Every structure is written in C-alpha cells, then in structure tokens.
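Report on the structure
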Amino acid sequence: MSDQNPYEKLGVSEDASFDEIQDARNRLLEQYSGDTKRLEMINVAYDAILMDRLRMRQEGKIKVPERIRFPERLVQAPAKESPTKNEQLSPAWLQRIIDKPTPQDVLLPGAWYLGLSTISVFYQAGGDQVLQLALVLGVGIGIYFLNRKEGKFGRAVLLTLLGLIVGLITGGLVAGLLVPQMTFISMTANQFSTVLTFILLWLISSFLR
C-alpha cells in the first residue's frame, strides 16, 4: 500500500471533489480508529492531496473551494462581551478608577472604620489625642486595604492621604454648620469631622483602584 499515491490510499479518484475526499478520509479515520499507524498514513495522504490541489490551483488547472484556500474563515471569532448598561454610560476615566469590590473588600475595612468611629464618638477621656490616634490608625488601615487589593503601595498612600485631607476639610466645614443645630447628639465638631473622614477613607479603600 506504500506504493499507492495519496488518492489511492484514500480510495478516491484524482478528479474527486473536495467533499468526496473529505468523506473518504472521515470514513477511513472512523474505520481504523484504533490503528495509530494507519490513522497517521490516512492524514498524511489527505494532507498530500490538499497540497496537490493547491499546486494545481496555482497553475490554474482547478478551482479550489474557499474552505480549502482560506480555512481560517471558517473559524468564528470569539464573541466580544457586550458592555453592561453602566459601562456604556460611564466615561472611560471613571471606569479606570472605580473598582467592583468583593463583599470582603467592603466589609473588612468597613468593620475597622466602624470601630474607630465608635471609639472617636464615645471615648471622651482622651479628648483630641484619641481622635488623632484614631485618624493615624484610619490612614494605616486605608493604605493597607487599598494596597492589598491593588498591589500599588504608592498609589494607595496618595489616595488615602488625599482622602484624609478632603475628609478633614469637608468635615470641618460641614460640622461648623450642622453640629450647632444637632443639639440632640453629644458630638463635637472634631468628632463629627473624624467620623466623616472615616467614611470617606472607607469608600476610597473599598471602591477605588
């Protein structure tokens, strides 16, 4: 059988159509599915026929079907995931800085900042020193969780310090307006500003990247 040409090995004539050649190959592959040597010979013969048909096509002797000349056209490109409605509405720069955190990324820093806020409001003995210590711890917690999530320490430090500054300034302004009116709550302006800063730091450590 080794003296046979590729067409004879597949049991087809030299003027057989591509579909006939392919059917013959598939039939033989199924027939000799357990014979590795025979399967290899069938595939080699099939490849040789394809090369022969391409050569003949280049010489203008036959017309080769598109699926032989351009088999890559049969491979469908992977479908692109359609963006969600929120992604379509959000600008690109916002999508780059807003994260989609896991519940753990939200709850763990939230628990820490809730504890620090509680200490800041209800622990009166230390006065402003307690608030300062709580803020230092809050900054460290923000840097830790943001760096743990994104692995960018410098960016974590920058965003956390920015959050601290914005929180203290905004908290001081808001506290000056609201705290005098909130006579039913025993909270100083510094305490209110500290708690507001913790909320901002929690948002940054959870939802920014």
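Read on for a plain summary of the structure. (Residues numbered from 1 in each chain as written. Predicted model: local features only at pLDDT ≥ 70, side-chain atom pairs only at ≥ 80, totals over all residues. Heavy atoms only, no water.)

1. A look at the pattern of salt bridges
Condition: When a carboxyl oxygen of Asp or Glu lies within 4 Å of a side-chain nitrogen of Lys or Arg, that pair is called a salt bridge. Note on conventions: DSSP H or I runs of at least 4 residues are helices, E runs of at least 2 residues are strands, and numbering of each starts at the N terminus.
Within this structure, the stated rule accounts for 1 salt bridge. Residue Asp52 is joined to Arg55 by a salt bridge in which the shortest nitrogen-to-oxygen separation is 2.5 Å. Placement of both Asp52 and Arg55 in helix α3 (residues 36-58) is noted, with a separation of 3 residues, approximately one turn of the helix.

2. A word on the packing of aromatic side chains
The criterion, for reference: Under the pairing criterion, centres of Phe, Tyr and Trp rings, with the six-membered ring standing for Trp, must be within 6.5 Å; the plane angle then separates stacked pairs below 30 degrees from edge-to-face pairs above 60, leaving the rest tilted. We call a charge positioned over a ring when the NZ of a Lys or the CZ of an Arg lies within 6 Å of the ring centre and within 35 degrees of the ring normal.
What the rule picks out here adds up to 3 aromatic pairs. With 5.1 Å between their ring centres and 75° between their planes, Tyr144 and Phe145 make a pair best called edge-to-face. With centroids separated by 5.9 Å and ring planes inclined at 85°, the aromatic side chains of Trp202 and Phe207 adopt a geometry described as edge-to-face. A cation over a ring is seen here: Arg25 above Tyr46, with NZ or CZ 4.4 Å from the ring centre.

3. Some details on the side chain of Thr197
To keep it simple, the criterion reads: Between N or O atoms, a polar contact is any pair within 3.5 Å; within protein, one atom must be a potential hydrogen donor and the other a potential acceptor, and residues adjacent in sequence are included only when both atoms are from side chains. The contact criterion used throughout is that any non-hydrogen atoms of two residues lie within 4.5 Å.
One can find Thr197 in helix α10 (residues 189-207). Engagement of the side chain of Thr197 in a polar contact is seen with the backbone oxygen of Gly167, the distance being 3.3 Å. Each residue touching Thr197, except ones within four places of it in the same chain, is listed here: Leu135, Gly163, Leu164, Gly167 and Leu168.

4. Comments concerning a negative patch on the surface
Under the convention used in this document: Excluding any residue in a salt bridge, patches collect residues exceeding 30% relative accessible area, merging like charges within 9 Å and nonpolar Val, Leu, Ile, Met, Phe, Trp and Tyr side chains within 5 Å. Computed with a 1.4 Å probe, the accessible areas rest on the Shrake-Rupley method; for each residue, only the protein chains presented here act as cover. Working convention for charge: Lys and Arg count positive, Asp and Glu count negative, and His plus the chain ends are omitted. To locate a charge, take atom NZ for lysine, CZ for arginine, CG for aspartate or CD for glutamate. Residue burial is assigned from relative accessible area. The probe radius is 1.4 Å, only protein chains are included, and a residue is buried under 20% of its type maximum, exposed over 50%, and partly exposed in between.
On the surface, a cluster of negative charge is contributed by Glu8, Glu14, Asp15, Glu20 and Asp23. Judged by its relative accessible area of 44%, Glu8 is partly exposed.

5. Some points on the packing of helix α8 (residues 128-150) against α10
Heads up, the condition is: Each axis is a line fitted through C-alpha atoms, and for a helix only the stretch in contact is used; angles between axes span 0 to 180 degrees, taken between their N-to-C directions. Small angles under 35 degrees read as roughly parallel and large ones over 145 as roughly antiparallel, with 65 to 115 read as roughly perpendicular and the rest as oblique. Classification convention: Asp, Glu, Lys, Arg as charged; Ala, Val, Leu, Ile, Met, Phe, Trp, Tyr, Cys, Pro as nonpolar; all other residues, Gly among them, as polar.
The contact between α8 and α10 brings their axes to 9 Å, and the two run at 5°. On the basis of their axis angle, the class for α8 and α10 is roughly parallel. For the pair α8 and α10, the contacting residues are Asp128, Leu131, Ala134, Leu135, Gly138, Val139, Gly142, Phe145, Leu146 and Lys149 in the first and Asn190, Gln191, Thr194, Thr197, Phe198, Leu201, Ile204, Ser205, Ser206 and Phe207 in the second. By residue class, the composition of the contact of α8 with α10 is 10 nonpolar, 8 polar and 2 charged.

6. What to know about the environment of Thr194
Mapped onto the elements of the fold, Thr194 is located in helix α10. Within polar-contact distance, the side chain of Thr194 engages the backbone oxygen of Asn190 at 2.8 Å.

7. So, helix α2 (residues 18-31)
Formally: The span you would expect from a helix comes to 1.5 Å times its residue count less one. As used here, the arc belongs to the directions running from the helix axis to the C-beta atoms.
When the terminal C-alpha atoms of α2 are compared, their 20 Å separation across 14 residues agrees well with the 20 Å that a helix rising 1.5 Å per residue should span. Here α2 has its buried residues at Phe18, Ile21, Ala24, Arg25 and Leu28. One face of α2 carries all of its buried residues, which in axial projection span an arc of 130°. Pointing more than 90 degrees away from the buried face of α2 are the exposed residues Glu30 and Gln31.

8. Looking at the side chain of Ser117
Of note, Ser117 is situated in helix α7 (residues 103-122). Residue Ser117 is classed as buried on the basis of its relative accessible area, which comes to 13%. Not counting chain neighbours up to four residues away, the residues in contact with Ser117 comprise Val195 and Phe198.

9. A short note on the nonpolar core
Put simply, the rule reads: Working definition of a nonpolar core: buried Ala, Val, Leu, Ile, Met, Phe, Trp, Tyr and Cys residues. They are joined through side-chain atoms within 4.5 Å.
Tyr113, Leu116, Ile141, Leu146 and Phe198 are the most contacted members of the largest nonpolar core, which has 15 residues in total. Of all the elements in the fold, those that place two or more residues in this core are α7, α8, α9 (153-178) and α10. Looking at this core, the element that brings in the most residues is α8, giving 7 residues. When neighbours within four sequence positions are excluded, Ile141 is seen to be in contact with Trp112, Tyr113 and Leu116. Leu10, Phe18, Ala24 and Ile49 belong to the second largest nonpolar core, which has 13 residues in total.

10. A look at a nonpolar patch on the surface
On the surface, Ile165, Ile169 and Leu173 cluster together to form a nonpolar patch covering roughly 320 Å² of accessible area. Among the structural elements, Ile169 can be located in helix α9. Taking the relative accessible area as the measure of exposure, Ile169 reaches 52% and is therefore exposed.

11. Thoughts on the environment of Leu200
With respect to the element layout, Leu200 can be found in helix α10. Spatially, the C-alpha atom of Leu200 lies 9.9 Å from that of Tyr113, the residues being 87 residues apart in sequence. With residues near it in sequence (within four places) discarded, Leu200 still touches Gly163, Val166 and Gly167.

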